[in-house]
Amino acid sequence: HYISIQYLNQIHCLACGKSTSKSYNQGYCFMCFRKLAVNDMCVMKPELCHFEQGTCREPDWGMAHCMQPHIVYLAWSSGLKVGLTKPSQIPTRWIDQGASEAVAVCQVASRYHAGLLEDYLRSWYNDRTNWRKMITHQGGAEIDMLQEAQTAQERVKMASLPQEVMSQVQYMPLDIRRFEYPVESFGPIKSLSLDK
């Protein structure tokens, strides 16, 4: 289907609805950007979580979103990457990222623990997707995902992370998921800024 997007010269905060001249963190006014936990640095870098230190901006939000089990996974989008997500977001997260193949490696007790493992695995795997490369790549992974997932599990077993993290790691059965996207052709690859 064709879609049409029209910019109405208005930006409203996703949280409070206030009109704002500039959007912060993809949709918030400056005040909500500063006060809401969803905009804290640990959302992008979960290894920096400070919930247990009692300094979370919104502890109830932290309990509901961060202090829940999370999956550490490998996916092939623009290349092999490591990531984390809630179990309820599989396979949605992988499809959102345009993965052609993905596999859950392990599950841990919280987003913070998953962030520590993801940070550790960054020594071997990228944690970003190159969206230009992703949307022009056709076909599956260019590597053996099962072998990579087995290797990742072995690497996790050798991690020197706190005992509270390592004692709660649950290794997942390695079920490779494959995705195909019905893209027939590509136009010019460029990003768009609606407010420009």
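Before reading on, note that the structure itself is shown above.
This one's a predicted model, so the numbers in the text were calculated from it and none came from an experiment.

Reading guide: rules and limits
- Along each chain, numbering runs from 1 in the same order as the chain's sequence is written.
- Side-chain atom pairs in this predicted model are given and counted only at pLDDT of 80 or more, local residue features only at pLDDT of at least 70, and totals for whole chains, interfaces and linings cover all residues.
- Hydrogens are left out, water is left out, and the side-chain values use all remaining heavy atoms of the structure.
- Strands are runs of DSSP state E lasting at least 2 residues, helices are runs of H or I lasting at least 4, and numbering of each runs from the N terminus.
- Partly exposed describes any residue whose relative accessible area lies between the buried limit of under 20% and the exposed limit of over 50%, with all areas from a 1.4 Å probe on protein chains only and scaled to the type maximum.
- For the charge count, each Lys or Arg is scored as positive and each Asp or Glu as negative, with His and the chain ends excluded.
- The atom standing in for a charge is NZ when the residue is Lys, CZ when it is Arg, CG when it is Asp and CD when it is Glu.
- We define a nonpolar core as any set of buried Ala, Val, Leu, Ile, Met, Phe, Trp, Tyr and Cys residues linked to one another through side-chain atoms lying within 4.5 Å.
- Residue contacts are defined here by distance: any two heavy atoms, one from each residue, within 4.5 Å place the two residues in contact.
- Pairs were defined over the aromatic rings of Phe, Tyr and Trp, the Trp ring being its six-membered one, requiring ring centres within 6.5 Å. Orientation was assigned from the angle between planes: stacked under 30 degrees, edge-to-face over 60, tilted for the rest.
- Put simply, the grid is 1 Å and covers the protein atoms alone, a cavity is a trapped set of points that fit a 1.4 Å probe, a pocket is an open set with protein on both sides within 12 Å along at least five of seven lines, and lining residues have an atom within 4 Å of a point.
- Grid points are joined across faces, edges and corners, and a volume is the space filled by probe spheres set on the points.
- Here the term charged refers only to Asp, Glu, Lys and Arg, the term nonpolar to Ala, Val, Leu, Ile, Met, Phe, Trp, Tyr, Cys and Pro, and the term polar to all other amino acids, Gly among them.
- By definition here, a helix of n residues has an expected span of 1.5 Å times n minus one.
- What the arc covers is the set of directions going from the helix axis to the C-beta atoms.
- By the criterion applied in these results, polar contacts are pairs of N or O atoms within 3.5 Å in which, for protein atoms, one can donate a hydrogen and the other can accept it, and in which residues neighboring in sequence qualify only through two side-chain atoms.
- The pairing criterion for strands is at least two bridges between them, as found by DSSP.

Chemist: Would you explain the overall build of the protein in this entry?
Modeler: From N to C terminus, the protein includes 8 helices and 5 strands. Reading the protein from its N terminus to its C terminus gives the helix and strand order α-α-α-β-β-α-β-α-α-α-α-β-β. Considering only C-alpha atoms, the protein reaches an extent of 50 × 50 × 25 Å along its principal axes. The proportion of buried residues among the 196 residues of the protein is 39%. Looking at charge distribution, the protein has the averaged site of its 20 positive side-chain charges lying 8 Å from that of its 19 negative ones.

Chemist: What am I meant to see in the nonpolar core here?
Modeler: The nonpolar side chains of a soluble globular protein tend to be buried, and buried together. V72, L74, L117, L121, Y125 and M145 are the most contacted members of the largest nonpolar core, which totals 24 residues. Of all the elements in the fold, those that place two or more residues in this core are β1 (70-76), β2 (80-85), β3 (101-108), α5 (111-121) and α7 (145-157). Setting aside its immediate chain neighbours within four residues, M145 contacts L74, A75, W76, L80, E101, A102, V103 and I176. Among the nonpolar cores identified, the runner-up in size contains 8 residues, and I71, Y73, W94 and A102 belong to it.

Chemist: When you look at the packing of aromatic side chains in this model, what are you seeing that I'm missing?
Modeler: Ring pairs (aromatic) are described by centroid distance and by the angle formed between their planes. Using the criterion set out here, one finds 6 aromatic pairs in the structure. Ring centres of Y24 and F30 lie 5.3 Å apart, and the angle between their planes is 65 degrees; on these two criteria the pair is classed as edge-to-face. With relative accessibility at 24%, the residue Y24 sits in the partly exposed group. On the basis of relative accessible area, F30 is assigned to the partly exposed category, the value being 38%. Aromatic ring contacts, followed pair by pair, group Y24, F30 and F33 into a single cluster.

Chemist: It is not clear to me how the layout of surface pockets should be interpreted in this structure. Could you clarify?
Modeler: Sizing a probe to match a water molecule and rolling it over the atoms shows the empty space that remains. If you add up the space inside the largest pocket, you get close to 1,000 Å³. For the lining of the largest pocket, the leading source of residues is β2, giving 4 residues. Residues that form the lining of the largest pocket fall into these classes: 11 nonpolar, 9 polar and 11 charged.

Chemist: Help me understand α7 in this model?
Modeler: Think of an α-helix as 3.6 residues a turn; residues three or four steps apart then line up on the same face. The terminal C-alpha atoms of α7, which comprises 13 residues, lie 18 Å apart, in line with the 18 Å expected from a rise of 1.5 Å per residue. Among all positions of α7, only M145, A149, A152, Q153, R155 and V156 are buried. Considered in projection along α7, the buried side chains sweep an arc of 160 degrees and stay on one side of the axis. Where α7 is buried, its residues meet β1, β2, β3, α5, α8 (163-166) and β4 (170-171). For α7, the N-terminal cap is D144; the gap from its side-chain oxygen to the backbone nitrogen of L146 is 3.1 Å.

Chemist: I keep staring at the pairing of β2 and nothing clicks. Help me out?
Modeler: A regular strand places its side chains so that they alternate between the two faces of the sheet. Taken across its 6 residues, β2 has 6 buried, putting it largely inside the fold. Side chains of β2 alternate between two faces, with L80, V82 and L84 and K81, G83 and T85 buried alike. Here β1 runs beside β2; their pairing, made up of 6 bridges, is antiparallel. Bridging from a neighbouring strand, W76 pairs with L80 of β2. Between the antiparallel neighbours β1 and β2 lie 3 residues.

Chemist: Just to check I follow, could you spell out the pairing of β3 for this structure?
Modeler: Burial analysis of β3 places 8 of its 8 residues in the buried class, the great majority of the element. As paired strands, β1 and β3 are joined by 7 bridges and run antiparallel to one another. The partner of A75 across the bridge, within β3, is A102. One ladder, built from 2 bridges, connects β3 with strand β5 (residues 177-178); its direction is antiparallel. What sits directly across from E101, in β5, is R178.

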